[in-house]
Every structure is written in C-alpha cells, then in structure tokens.
Amino acid sequence: MIRRIQHRGFVAAFAALCALLWPFGAAADWTLNMRQGVTSISQEVYGLHMIILWVCVVIGIIVFGAMFWSILHHRKSKGVQAAHFHENTLVEIVWTLIPFGILIFLAVPATKALINIENTGNADLTIKVTGYQWKWRYEYIDEGVSFFSTLESKSNEARHLKSGIDVATIDNYLLDVDNPVVVPVGKKIRFLTTANDVIHAWWVPDLGWKRDAIPGFINESWARVEKAGVYRGQCAELCGKDHGFMPIVVVAKEEADYRKWVEDQKAAQAAALQADNPDREWAMEELMAKGESVYNANCVACHQADGKGMAGVKPIAGSPVATGDVADHIDVVMFGRTGTAMAAFSQLGDADIAAVITYQRNSFGNAAGDLVQPSTIKNEYR
Amino acid sequence: MSQSHAAHDEHHDHAPSGLMRWVTTTNHKDIGTLYLSFSLLMFFVGGAMAMVIRAELFQPGLQFVDPQFFNSMTTIHALVMIFGAVMPAFVGLANWMVPMMIGAPDMALPRMNNWSFWLLPFAFTLLLSTFFMPGGAPAGGWTMYAPLVMQTGDAFPFLIFAVHIMGISSIMGAINIIATVFNMRAPGMTFMKLPLFVWTWIITAFLLIASMPVLAGAVTMLLTDKFFGTSFFSAAGGGDPVMFQHIFWFFGHPEVYIMILPAFGVVSAIVPTFARKPLFGYSSMVYATASIAFLSFIVWAHHMFTVGMPLAGELFFMYTTVLIAVPTGVKVFNWVATMWKGSMTFETPMLFALGFIVMFTIGGFSGLMLGVTPADFQYHDTYFVVAHFHYVLVTGAVFSIMAAAYFWLPKWTGHMYDEKLGKLHFWLSTIFVNVLFFPQHFLGLAGMPRRIPDYNVQFADWNMVSSIGGFLFGISQLLFAYIVIKCVRGGQKATSQVWEGAHGLEWTLPSPPPYHSFTTPPVVK
C-alpha cells in the first residue's frame, strides 16, 4: 500500500520535472523507475531505493529551497546590503550531526537487507552459471543437466551493422535466447557464478541483484522467485565486443512443470550424447555438416561467416593454422591463445570440436582435405 | 591572452618568440595558458567521441559503428576527458592562480613545470595513435580491467605507456604546487589565510602523489602479465583478477576527488565574490575538504560491490561511503549560507557556480543511493551510474572550470568577455546537459546496462531524448570556444579588481598581470 503511494508520488514528481525538461511530455509508458521484481530481495531493494530517493528529494527541496529563496530575495538589484556574518560554530555542528543521523536511519534497513541477500544457505537447488565470450552456460548441479544459452537467432541476424532489418519488428530484440534457464517457483535457488575467459556479470533485474562472474572465482547468490513468468536480463560487465549481445532469460515454472522440463532435458541430453558418440568412425559429410553449425554457434561472431576475421581477429581462410599441422589447430581451438581474444573451447563436446576443426580445414577456400575423428579428441586431448 | 601580457613585459625581450617561446617557457602564466588550451582541445576531442556514442545510441539497432569501435569510443572518451581535459584544466588554473593568490613571483619549480606540461601532448599522441594500429584502439573500458584488457591488440603497450606518462606529468604538477605553497607564500600569508582554491589544490596535490603511483603500479603489472610471463591478474597462473580492481580503485576513488576538490575551491572563490559577503565557515570548509580527502582512501571497494566480497567488507565500504555525504553536505550548506543575506548579482561565473551547486548536489544524491550496497546491486553498471558520474563530472567539474574561465579571463587577458554570450552559453549548457543526462537515470533504473552499443526497443524513447540533449550540449560548447577567443583578441578593458566583490592578492595586480606576478612580496595583514 505504502509502496504504491510512494510510486505514484515518484511518477508525479518526475513527470513534472520531465515536462519542464522535455516539452513533448512523459508518456505513461516511458519507464521512469526501478521495477519491483518477483523475489523478496528485489522488493526489499526496491523499498530501500524508494526510501533513499525520498530522503534525497526532501533534503533537495530544503537546501535548494533555501538557496533559491536567497537568490530571489538577496539581490543587489533589489537594493539589498550584504550582511557580514561568516562564522557560526553551533550551526556547523548542527548541520554535521543532522546528516549523520539521517545516514544512521538509512544504514539500519540497508544492513538488514544486505545480511539477507548474503545468506545463501539452505538452498533447494543449485545452478552454476558460467560466463563465456559471449554466451552463458547453465549447469543444474543436482540434476546433471547442462546447456549453453546464446542470443536468439532473429536478434542475432538483425543486430549487425546495416543488417537492413527493422529491430522494432523483432520480439524481445536482444533480450531473447535459444535456451532459457528454467527454475521452479517458490524454491530457494542458489546461483554459483563464474567465468571461463573474462569477467561477466549475471543480472536479471526482476531478481533484484547482479553478481560478477569472474574466472577463478565462484560467487554465491540466491533467489526465490514468487511468480511464474519469463524474466529477462543482460550481461552487466563489459566483456568485449559482443558484451551487449549475451542476454539472460529466466523462465519460472510451477514445480510440476519444472520437474517435467528437467526430465525432458535429461532425455534430450542422453539422445544427443548417443548421436555424438565419439567412439564410432565419423564420415566427412557428417563432420562438415555438424562443423558448420558448431562454427555458426561459436566462431562466427569473431571470425565472420567468410572466415576472414576482422580487426584484431586472425582469419581462418588461408591461415597457417587451418592449413598446416592438425595438432596445432586442435591445440588452438581447445586451449585458446593466451593474451589474445582467442578463448579456449575445450568445454565443447568431442564431436563438436572434431567437426568444427574439420569444417575449418575444408571451407573458406582451405583444402587441407584431412578430417579429425571425435575419438582422437577424446583419447588424446582429454 | 598570450600576446597581451607579452606586450606588458618590457624586461623579457630576450625570451624566444614564436613557437619556441611556448616550448621553452618556464613562466607560470604561459604554462597555465598551455595547460588550459590543451585541455580545451582535448575537451573537443573527447566530446567528438561522445557524439559518436550518442549517435549510435540514438536508435536501437547498429547504424554507424561496429561494437568493437563503439567500445573504443567509450574507453578513449573517458581517458581523454579525465586525463586530457579535466585534470589539465585544473592544473592550468593552479598554474595561473596559485602564485598570484599567495603573493609569489612564479611557481617554485619552473623547469619541471615546463616538462610536466610538455609530456602531455606526447602521452595523448601515443594514446590517440592507437586508433590506427592493428586491433584498433583499446576497447576494454578506461578502467582497464584484467583479463579483458589483455585482449587489446598492438595498442596495449601504447595504452600502458600513455598512462605512465600522464601519471608522471600529474605527479610533477602536484609536487610543484606543494613546493610553491609551502615555500613561497608572502609574509603574513599563513595557512589559515590561504584562499580556499589554494587549500583545495594542496589537498588535491597530496591525493595525486599518493594515488598516481598506485595506478602506475597496476598498469605495470598488466604490462608484465602480458609480455614477461607474470600472472598477477590471471587466475590460470594463480593470480587474481579481482586484485586488479582493488588496486585500480585504490587509485580510482581518490582520482574522483582530484577532479572535484579544486572545483570546490573555484566555487568557494566565486560565490563570496558575487554575494559580496565573505565565505561562510572558512575553517569548516578546510576541515571538510581534508575529511573528504581522507575518506577517499577508505571507500574504494564501493566501485566493486558486485565482485563478491565478504559481508563484513561490504558493510565497511557501505558505511564509509555514505559517510562522505557529511563533509560534502557541510560544503553545500556553507555555500548556501554564504549567499544568505548577501547582495547577489548573476554574472556568468556566478551562474555557472550556482549551476554547479545544484547539479553537483544531484550527482551527490545519486552517489548516496549508489553507496547503499543492496540498492547498488541493482544500479551497478547501468546507465544510472553513467548519469551519476556525468552529473558530478560534467555539471560538477566541467561547470566549475567554465565558471573559473569566465571568472578569471578578464584578469588573464585584460579584457572583459562578452557577458551576453556568456549567459547564453550558460543557459544552453544547463538546459541541454540535463536533457542529456537526466533521462539516463530512468534508463538505468529500467534496466539498461552501460557500455552497450545497441539495446532493446523499450529503452528507445529516453535514449533518443538523451542523444538530442547530447548533440545540442556539444554544439553549445563551440560557443564557449568562440567567447574565449573573442575575449583574448580584445574587448572592454578590465580593471585590476575586475569584479566589485572580489578580494585577494590576485585582484591587486593589474589586468593582465605582469610577467613575474609579485617581484616584491606583498604583506598580508
């Protein structure tokens, strides 16, 4: 109730301000304020945000009020003679102590909220979130389910310079993914965030927090989503070229629907594992077909569709690596090149790695002619 | 402004003329002019990059630049504006004003003064040349966070050395100011009689000396990580990427105050002049400045609340951060009390100073909001932060530099600037800077991360408003350059005192002042 009144007052205050700044006015759908979100943390944070905002507004009205009153009345043009006072210790002490008191008043709820946010114990399930340039990987620790989540293909086509596609026609432009992370409603979920290459930050505003994903560190956070729905967010830490293009989608489902989703995932992963059996002999066509899709999911952002690379990214077309010794090629793909943007891709499956290397060696004008068997990767590089 | 005081300088005819005069000069006024001119040039270079950023963000979708170049724009815009525009402007103001304010003939270390300026053009040539290198200009953000910065192409060592050179220049400037103020004050000019601009600059100089070497250390570790096989910040080698952030922000937060304390000094000189009333609470202003400087060294981790610190660390940095509001509040209250029952007039410097007080305070409010850790978990790395630091840096630091320029231009050149144009410049700047930055608060709260070249259509409305404000604010600054050039070339003659309510040693000298400010020390009662 109080919250709703605060919200209305906030909108009114800022609408007035915006009307001053911008004569065309603030239409109702021009978002002004933080969202309240769907977790107890997000609502606590929203409440805290509104308290501080109002404290600032009140202080601002008093201080600027006094200042503008003085500006209007104490002018030379009105014949005012300047007074000569310039010191008053009591006044200085008073206006040091009052702000100090206000800060203590703010610190109490802030401390409580922080203690709550950092209490990650007694979780019902744990999801490990790993940031990559430029996608997310989710691992359901207790279920053995894991998958990558990348920008959805329509956004991905439209986002390029002079793509000729009107981005307004795309639903959830830049905020949609191929595989969303699915969570159960009402359960305490512990998120473990880390990264594979550079620092990323996992942020869904409706959950009420963001947390950095740092290589070599595992950070803990938690959320209990109170309402089924789809909640969208983005990477919040600059992570290179495509930092703006690695969104996050959380789908909160009722417990039964969530269980069903987990079982479906398990079945799908088992089937994929079967299809990608690294122990069998793969044919050239199979590897080329699979390699192309792996390339388009993982390599194309930097090395481009024609394999010619871009500023700061080496080409694959005609490169000594992709036309020379196959062992070097496998080494670069699996373990990256330190000190460059070329990341390690050893997280991909054996068949994926073998296929993409085969594809790179026989596309873009490269004609090495050789192929890499998934079993080679499995037996010699794992 | 150069020709005019050269003309007044009868006993220095043997000094080289033309370009060599500026290259070899050891005169505090010449070097001040060099710093200020360089700063203005960099303000337009950095501003041009801001225009590219706002043009790309005018609409959703990519229209003009690719994401990598966009990241270079945000990175270099920040480095140019911080190290090339704001800091040199304040050093230029100090060079011009500190000797005149304390009754000295020149700076204490004039040759070092020359060197510390002339390093800067080389540093920025190195930095800006990276745009033409394979891999492009640095694009990992001005904060140079490892490991991302390691992905910089050939530009990497140029970035590091440019930062080193800027740091050396700043440290020498700081040493010079401390040496000057400690040794060259006129008889009777005790510390507690120093103008507040001098006080804020001494404290700033100590901040510079304490913090710049830390930055130099941090970037040197990046350099050895890249080229000499160390692993300070590489987790794979047993290092710690978060340690870079701790070291960087141990420099970075004092750096914030390096850019704002001299602004406090400028405003504390202007408000009493145009209120025709002495500054209220002089000693509390000095103590408040010193408290802010002390606190600036124990709040650094509020820039990195989301890295996953222990609860106790988050609480400590939250409490110390919000505590800064107390001395900052004292300063604002003192300025308002100075105006109270004064006899105010509103010439351009006063307008900019008043604009500073209001809009810097708005930036202070959002700073208080950001300091509250749980709320920061939402605000962090969004446009709310972008709005916050542009309120304190543009409507704060830059507005105070504009105020200082209008305030002291008549003293420097001997001519009054065009008051009508000055006021026009103030109103255009103030209106458009708010159209530019105020909506960015809304964007951040609505969930738009910073440093992204493209965005969902839900953010389109306010981005367009912000871009329009940005273009108009940018164009308005050309007016400033015009007013300055016009004033240097001529105009109504300025008196020694210039402003009716001006008090202090610098106003006892003729306008423009003689080449060596005070050849016989004045006596301060």
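Residues numbered from 1 in each chain as written. Chains lettered and ligands numbered in written order. Predicted model: local features only at pLDDT ≥ 70, side-chain atom pairs only at ≥ 80, totals over all residues.

> Quick rundown of the overall build of chain B? Include the residues and the values.
Each helix and strand in chain B was counted, giving 17 helices and 0 strands. Against the 2.2 N^0.38 benchmark of 24 Å for 525 residues, chain B shows a C-alpha radius of gyration of 23 Å, consistent with a compact globule. With respect to the principal axes defined by its C-alpha atoms, chain B has extents near 65 × 50 × 45 Å. Relative to its 525 residues, chain B shows a buried fraction of 63%. Within chain B, residue pairs in contact and separated by at least 24 positions form 83% of the contacts whose partners lie at least 6 positions apart. (Helix = DSSP H or I, 4+ residues; strand = E, 2+ residues; numbered from the N terminus. Rg over C-alpha atoms; globule rule 2.2 N^0.38 Å. Buried ≥ 20, exposed ≤ 12 C-beta atoms within 10 Å, placed from the backbone. Contact = placed C-beta atoms within 7 Å.)

> Outline the overall build of chain A, listing residues and values.
Summing up its helical and strand segments, chain A has 11 helices and 10 strands in all. Over its C-alpha trace chain A gives a radius of gyration of 28 Å, far above what one expects of a compact globule, namely 21 Å for 382 residues. In terms of its C-alpha atoms, chain A occupies a principal-axis envelope of roughly 95 × 50 × 40 Å. Of all intrachain contacts in chain A linking residues separated by at least 6 positions in sequence, the fraction that spans at least 24 positions is 65%.

> Explain the sheet that holds strand S3 (residues 145-149) of chain A to me, and be specific about the residues and the numbers.
Residue and element names in this part refer to chain A. Pairing is mixed across the open sheet formed by 5 strands, whose spatial order is S3-S2-S1-S5-S8. In the strand order of this sheet, the two ends are held by S3 and strand S8 (219-223), each with one partner. Across the sheet, the mean angle from the axis of one strand to that of its neighbour is 20°, orientation sign disregarded. Two elements, strand S1 (residues 125-132) and strand S5 (residues 189-195), share 7 bridges in a ladder whose sense is parallel. In the strand pairing of S5, Lys128 is matched with Leu192. (Pairing = 2+ DSSP bridges. Axes fitted to C-alpha atoms, helices over the stretch in contact; angles between N-to-C directions.)

> Got a sec to walk through helix H13 (residues 348-371) of chain B? Specific residues and values, please.
Counted at 1.5 Å a residue, the expected span for H13 of chain B with its 24 residues is 34 Å, and the 34 Å between its end C-alpha atoms agrees. Among the 24 residues of H13 of chain B, 23 are classified as buried, and the element is accordingly described as predominantly covered. (Expected span 1.5 Å × (residues − 1).)

> Give me the pairing of strand S6 (residues 200-204) of chain A: which residues, what numbers.
Residues and elements named next belong to chain A. Counting buried positions over the 5 residues of S6 gives 5, a clear majority of the element. Here S6 shows no split at all, with His200, Trp202 and Val204 on one side and Ala201 and Trp203 on the other all buried. Where S6 meets strand S7 (residues 209-213), 5 bridges bridge the pair, whose relative direction is antiparallel. For His200, the partnering residue across the bridge sits in S7 and is Ala213. Here S6 folds back onto S7, and the loop between the two strands holds 4 residues, one of which, Gly208, carries a positive phi near 95°.

> Pulling in residues and values, what's your account of the interface of chain A and chain B?
Contacts between the two partners involve 85 residues from chain A, matched on the other side by 86 residues from chain B. Secondary structure elements with two or more residues in the side of chain A that touches chain B: helix H2 (40-73), helix H3 (89-117) and S7 of chain A. Along the lines of polarity and charge, the residues of the side of chain A that touches chain B split into 49 nonpolar, 23 polar and 13 charged. (Nonpolar A, V, L, I, M, F, W, Y, C, P; charged D, E, K, R; others polar.)

> Can you lay out unusual backbone geometry for me, pointing to particular residues and giving the numbers?
Cis geometry marks the peptide bond from Ala146 of chain B to Pro147 of chain B, where omega comes out at 0°. With respect to the helices and strands, the residue Pro147 of chain B is situated in the loop between helix H5 (110-129) and helix H6 (156-183). The omega torsion of the bond from Ser511 of chain B to Pro512 of chain B falls at -5°, within 30 degrees of zero and hence cis. Positive phi outside glycine occurs at Phe364 of chain A, with the angle close to 55°. Inspection of the secondary structure puts Phe364 of chain A in the loop between helix H10 (350-361) and helix H11 (374-381).

> Please give an account of the sheet that holds strand S10 (residues 248-253) of chain A that cites residues and values.
Residues and elements named next belong to chain A. Here we have 5 strands laid out as an open sheet, ordered S4-S10-S9-S6-S7, and mixed in their pairing. Every other strand in the sheet has two partners, leaving strand S4 (181-184) and S7 as the edge strands with one partner each. Taken over all neighbouring pairs, the strand axes of this sheet differ in orientation by 25° on average, direction set aside. Relative to S10, S4 runs parallel, the two being bridged by 4 bridges. Bridging from a neighbouring strand, Val183 pairs with Ala252 of S10. Contacting S4 and S10, helix H5 (residues 255-275) runs over the sheet at an angle of about 140° to S4.

> Give a detailed account of the confidence of the model for chain A, specifying residues and quantitative values.
One rule of thumb: low pLDDT means the predicted coordinates there are not for detailed reading. Residues and elements named next belong to chain A. Looking at chain A, the pLDDT average stands at 88 and 92% of residues meet or exceed 70. Taken together, the stretch residues 1-5 has pLDDT below 50 and engages in 1 contact with residues farther than four places along the chain or on a different chain. Segment residues 20-28 is flagged for pLDDT under 50; beyond a separation of four residues in sequence, or across chains, it makes 9 contacts in the model. (pLDDT = per-residue confidence, 0-100.)

> Quick one: what's the story with the nonpolar core, residue by residue and with numbers?
In this structure, Val86, Val198, Val267, Ile270, Ala353, Phe356 and Ala403 of chain B are the most contacted members of the largest nonpolar core, which totals 267 residues. Excluding anything up to four places from it in sequence, Ile270 of chain B contacts Pro349, Met350, Ala353, Ala403 and Phe407 of chain B. (Core = buried A, V, L, I, M, F, W, Y, C linked by C-beta atoms within 7 Å.)

> Please set out the packing of H6 of chain B against helix H7 (residues 196-227) of chain B residue by residue, giving values where relevant.
All names here are of chain B. For the pair H6 and H7, interaxial distance at closest approach is 8 Å and the crossing angle is 155°. Of the possible angle classes, the one that applies to H6 and H7 is roughly antiparallel. Like other packed secondary-structure pairs, H6 and H7 cross with a definite hand, here left-handed. The class makeup of the residues in the contact of H6 with H7 is 22 nonpolar, 3 polar and 1 charged. (Parallel < 35°, antiparallel > 145°, perpendicular 65-115°, else oblique. Left-handed = near helix turned anticlockwise from the far one by under 90°.)

> Please give an account of the environment of Gln59 of chain B that cites residues and values.
All names here are of chain B. Mapped onto the elements, Gln59 comes out in the loop between helix H3 (28-56) and helix H4 (67-102). Gln59 sits in the partly exposed class, given 17 other C-beta atoms within 10 Å. Separated by 192 residues in the primary sequence, Gln59 and Phe251 have C-alpha atoms spaced 36 Å apart.

> Could you give an account of the pairing of S10 of chain A, naming the residues involved and the relevant values?
Across 5 bridges, strand S9 (residues 229-235) of chain A lies against S10 of chain A in antiparallel orientation. Looking at S10 of chain A, one finds that Gly229 of chain A is bridged to Ala252 of chain A.

> Tell me about the packing of helix H16 (residues 419-446) of chain B against helix H17 (residues 460-489) of chain B, and please be specific about residues and values.
Residues and elements named next belong to chain B. Where H16 contacts H17, the two axes come as close as 8 Å, and the packing angle between them is 155°. Here H16 lies roughly antiparallel to H17, going by the angle between them. For H16 against H17, the interelement crossing comes out left-handed. Among the residues making up the contact of H16 with H17, the classes are represented as 18 nonpolar, 9 polar and no charged.

> Please give an account of the environment of Asn179 of chain A that cites residues and values.
Residues and elements named next belong to chain A. Looking at the element boundaries, Asn179 is found in the loop between helix H4 (153-158) and S4. Measuring from C-alpha to C-alpha, the distance between Asn179 and Met310 comes to 28 Å, with 131 residues separating the pair along the chain. For Asn179, the residues in contact, after removing those within four places along its chain, are Phe147, Phe148 and Ser149.

> A description of the confidence of the model for chain B should follow, citing residues and the corresponding values.
Averaged over all residues, the pLDDT of chain B is 94; the fraction at 70 or higher stands at 97%. Overall fold confidence (pTM) sits at 0.89, and the ipTM for the predicted complex is 0.91.

> An account of the environment of Ile202 of chain B is needed here, citing residue identities and associated values.
Residues and elements named next belong to chain B. You can see Ile202 is positioned in helix H7. Sequence separation between Ile202 and Leu261 is 59 residues, and the spatial gap between their C-alpha atoms is 9.8 Å. Leaving out residues up to four positions away in the same chain, Ile202 has contacts with Ile177, Ile178 and Val181.

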